[in-house]
Amino acid sequence: APHRLNSGLPMNIGVLFVPQQEAWVVERMGKFHRILEPGLNFLIPLLDRIRYVQSLKEIVINVPEQSAVTLDNVTLQIDGVLYLRVMDPYKASYGVEDPEYAVTQLAQTTMRSELGKLSLDRVFRERESLNANIVDAINQASDCWGIRCLRYEIKDIHVPPRVKESMQMQVEAERRKRATVLESEGTRESAINVAEGQKQAQILASEAEKAEQINKAAGEANAMLVKARAKAEAIQLLAAALAQQHGSAAASLSVAEQYVNAFSKLAKDSNTLLLPANTGD
């Protein structure tokens with residue numbers, strides 16, 4: 001840049017060797033003549049003069065710390081690092097007096113403008129997009145200077161002490177909120193699990209009771225069927241026996257025996273005894 005190179009410009013001795021990654025701007029009788037490329041070059045002494053020496057390497061510039069106001073009226077102290085390169089030595093020599101100073105000032109104003117569009121929380125979350133916006137704005141303005149901004153990085157963001165304390169309190173409140181939410185979610189999940197367990201237990205108990213009733217009814221039905229079948233078989237056997245010879249006499253004898261037994265029980269259970277008229281029948 002001019003403020004670094006004007007103090008020691010190369011002298012024209014006719015034969016010049018230009019180093020790699022440098023561009024020497026030559027004027028002939030005070031008017032721009034040509035740009036010397038790296039390597040061997042020949043000039044006319046006295047008529048030609050090396051007016052500017054531009055470095056084509058990437059240049060790193062520290063952007064001084066400055067104040068910027070965010071969208072929510074918070075004043076920040078912010079600084080950064082600017083990386084740029086001379087793309088057109090002619091424009092860098094004649095387009096602006098001091099390219100580095102001009103780009104630094106442009107970076108500061110652009111950074112203040114971009115920070116004014118964001119709130120404090122978004123400044124920390126969107127630092128990468130903020131850097132990209134600053135680079136785009138610088139390139140749009142520095143194109144006529146022959147300089148291209150490669151990238152911009154914010155180094156430090158200093159927040160006022162009171163704002164920092166409020167941010168810390170906000171972080172703690174957010175943590176407590178998350179803990180409370182997690183605890184309530186755990187309580188809700190526990191209650192849901194308990195209710196679901198009770199529901200399943202009631203369903204299983206009702207199913208067990210239903211199965212028990214079904215089994216009991218089936219057992220009673222089977223018992224009634226067995227008794228009915230036994231009674232039917234007994235009736236069939238009795239009918240078969242009555243159908244045989246002297247069957248009616250045997251039946252009369254059986255009924256008489258049962259009558260005597262019942263009559264004897266009546267005499268044992270009570271002091272009053274009723275005798276039929278035909279006791280000797």
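Placed above this text is the structure.
The rules behind these values
- Residues numbered from 1 in each chain as written.
- Predicted model: local features only at pLDDT ≥ 70, side-chain atom pairs only at ≥ 80, totals over all residues.
- Heavy atoms only, no water.
- Helix = DSSP H or I, 4+ residues; strand = E, 2+ residues; numbered from the N terminus.
- Buried < 20%, exposed > 50% of the residue type's maximum accessible area, 1.4 Å probe, protein only.
- Contact = heavy atoms within 4.5 Å.
- Pairing = 2+ DSSP bridges.
- Polar contact = N/O pair within 3.5 Å; in protein donor to acceptor, adjacent residues only side chain to side chain.
- Axes fitted to C-alpha atoms, helices over the stretch in contact; angles between N-to-C directions.

Caption draft 1: Inspection of the overall build of the protein chain at higher detail. When its secondary structure is counted, the protein chain shows seven helices and eight strands. Within the protein chain, the proportion of its 281 residues that are buried is 26%. The long-range share in the protein chain, meaning contacts at least 24 apart out of those at least 6 apart in sequence, stands at 65%.

Caption draft 2: Representation of unusual backbone geometry. One non-glycine residue with positive phi stands out, namely leucine 46, at about 75°. Residue position: leucine 46 is located in the loop between strand 4 (39–42) and strand 5 (48–55).

Caption draft 3: Structural context of the pairing of strand 1 (residues 15–18). Of the two faces of strand 1, only one is covered, namely that formed by Leu16 and Val18; the face formed by Val15 and Phe17 stays uncovered. Judged from the four bridges that link them, strand 1 and strand 4 form a sheet pairing that is antiparallel. Bridge pairing in strand 4 places valine 15 opposite phenylalanine 42.

Caption draft 4: Structural view of the side chain of asparagine 41. On the secondary structure map, asparagine 41 appears in strand 4. The buried category is assigned to asparagine 41, whose relative accessible area is 7%. For asparagine 41, the side chain forms a polar contact with the main-chain oxygen of glutamate 37, separated by 2.8 Å. With sequence-adjacent residues up to four places away left out, asparagine 41 is seen in contact with Gly14, Val15, Leu16, Val18, Arg34 and Leu36.

Caption draft 5: A look at the sheet that holds strand 7 (residues 75–86). The sheet built from three strands is open, its strands ordered 6-7-8 with antiparallel pairing. Among the strands making up the open sheet, the edge pair consists of strand 6 (59–69) and strand 8 (147–158). Between one strand axis and the next, the sheet turns through 25° on average, direction left out of account. The sheet contact formed by strand 7 and strand 8 spans 10 bridges and is antiparallel. What sits directly across from valine 86, in strand 8, is isoleucine 147. Sheet contacts for helix 3 (residues 99–115): strand 6, strand 7 and strand 8; angle to strand 6, the most-contacted strand, approximately 35°. Strands in contact with helix 5 (residues 127–142) are strand 7 and strand 8; relative to strand 8, the strand with the most contacts, it is inclined by about 140°.

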